[in-house]
Amino acid sequence: MHASVGSVAISRDGKRIAGGSCDGDIQVWDMQAGEALGAPLWGTGKELGAPLQGHANRIHSATISPDGTHIVSSSADSTIRVWDAASGKELGTPIRGHTGVVSSVAISLRGKWIVSGSVDKSIRVWDLESLHKDHRFTTTKICFSPNLTYALCLKSTFSRLEDSYTLASLGPSEEGWVIGPEGRLLLWIPTSLYPVMHVPGNKLVISNDASELDLSRFSHGTSWEMCRERDVVSSSS
């Protein structure tokens, strides 16, 4: 690691150290190597594999899960990334939701939850297991609330594409668009609302006036006609 180290974490068993640098890389060292040589760790500790690369800016926080299987990092690029500690491979896609520097990150004792804090003045709790499942198009739901009944189920909405393995975006793009299969624009969310908005994967958002979206009756594409049908039913009842 050639850049200065901005964050370090030690595994629960004391065998490894992960260090996040100002250039966005993460290096893992074998702590026992330095001890065996009777010299300072940073001078002779063995590097375990190549640096973990993916972040586009300074690493502000890095942590190792209690069971030692995952490394989680947060960065000035506003993302959180999860890494397989054994292989060094990034798991899934970057976790997005914060609108500013993600200054701190932690993993729960059982490794189920990630908690992140940001300069956007919000704290988010993420479900690690659901974020990195192999979501397929047939079962993907877009949900901006912990309440799954608020979700937009893409299986029924795009039934003609049920056999497709095209992934849908589970969160808004940088411009605010929620993107469905084949790059279809589903809805737009003002970026000014992001700091207080639940995003897919969030189980909790701690912020002033946190908001959720109910997409259970959201109609688009050829389904837009359903809106008229609902209006007729509502007016006649």
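Use the structure listed above.
Because the structure is a prediction, the values reported are computed rather than measured.

**Notes on the overall build of the chain**
Of the regular secondary structure elements, the chain holds 5 helices and 16 strands. About 12800 Å² of surface is accessible on the chain, with carbon and sulfur atoms providing 52% of the total.

**Notes on the sheet that holds strand S5 (residues 59–64)**
Reading across from one edge, S5-S6-S7-S8 is the order of the 4 strands in this open sheet, with antiparallel pairing throughout. Both outer strands of the open sheet, S5 and strand S8 (95–96), are each paired with one neighbouring strand and no more.

**A short note on the sheet that holds strand S2 (residues 16–21)**
Pairing between sheet strands relies on hydrogen bonds along the backbone, with the strands arranged either parallel or antiparallel. With antiparallel pairing, the 4 strands of this open sheet are ordered in space as S1-S2-S3-S4. This sheet does not close on itself; its edge strands, each paired only once, are strand S1 (5–10) and strand S4 (46–47). Across 5 bridges, S1 lies against S2 in antiparallel orientation. Its bridge partner being in S2, Ser7 is matched across the sheet by Gly20.

**Examining the packing of aromatic side chains**
Overall, the coordinates contain 0 aromatic pairs when judged by the stated rule. The ring of Trp113 carries the charged tip of Lys112 above its face, separated from the ring centre by 4.9 Å.

**A look at unusual backbone geometry**
Backbone geometry at Lys121 places phi at a positive 70 degrees, although glycine is not the residue there. Tracing the backbone through its elements, the reader meets Lys121 in the loop between strand S10 (113–118) and strand S11 (123–127). Backbone geometry places Asp209, a non-glycine residue, at a positive phi of 55 degrees.

**A short note on the nonpolar core**
Val72, Ile80, Val82, Ile95, Val102, Val105, Ile107, Ile114, Trp126, Leu128 and Val199 together form the largest nonpolar core, which totals 11 residues. The set of elements that each furnish at least two residues to this core consists of strand S7 (79–84) and strand S9 (102–107). Counting residues per element, this core draws most heavily on S9, at 3 residues.

**Examining the environment of Gly221**
Assignment of secondary structure puts Gly221 in the loop between strand S16 (202–206) and helix H5 (225–236). Taking the relative accessible area as the measure of exposure, Gly221 reaches 49% and is therefore partly exposed. In this structure the C-alpha to C-alpha distance between Gly221 and Arg184, which are 37 residues apart in sequence, comes to 9.3 Å.

Definitions and cut-offs
Residues numbered from 1 in each chain as written. Predicted model: local features only at pLDDT ≥ 70, side-chain atom pairs only at ≥ 80, totals over all residues. Heavy atoms only, no water. Helix = DSSP H or I, 4+ residues; strand = E, 2+ residues; numbered from the N terminus. Areas by Shrake-Rupley, 256 points an atom, 1.4 Å probe, with all protein chains shown as cover. Pairing = 2+ DSSP bridges. Phe/Tyr/Trp six-rings, centres within 6.5 Å; stacked < 30°, edge-to-face > 60°. Lys NZ or Arg CZ within 6 Å of the ring centre and 35° of its normal. Core = buried A, V, L, I, M, F, W, Y, C linked by side-chain atoms within 4.5 Å. Buried < 20%, exposed > 50% of the residue type's maximum accessible area, 1.4 Å probe, protein only.

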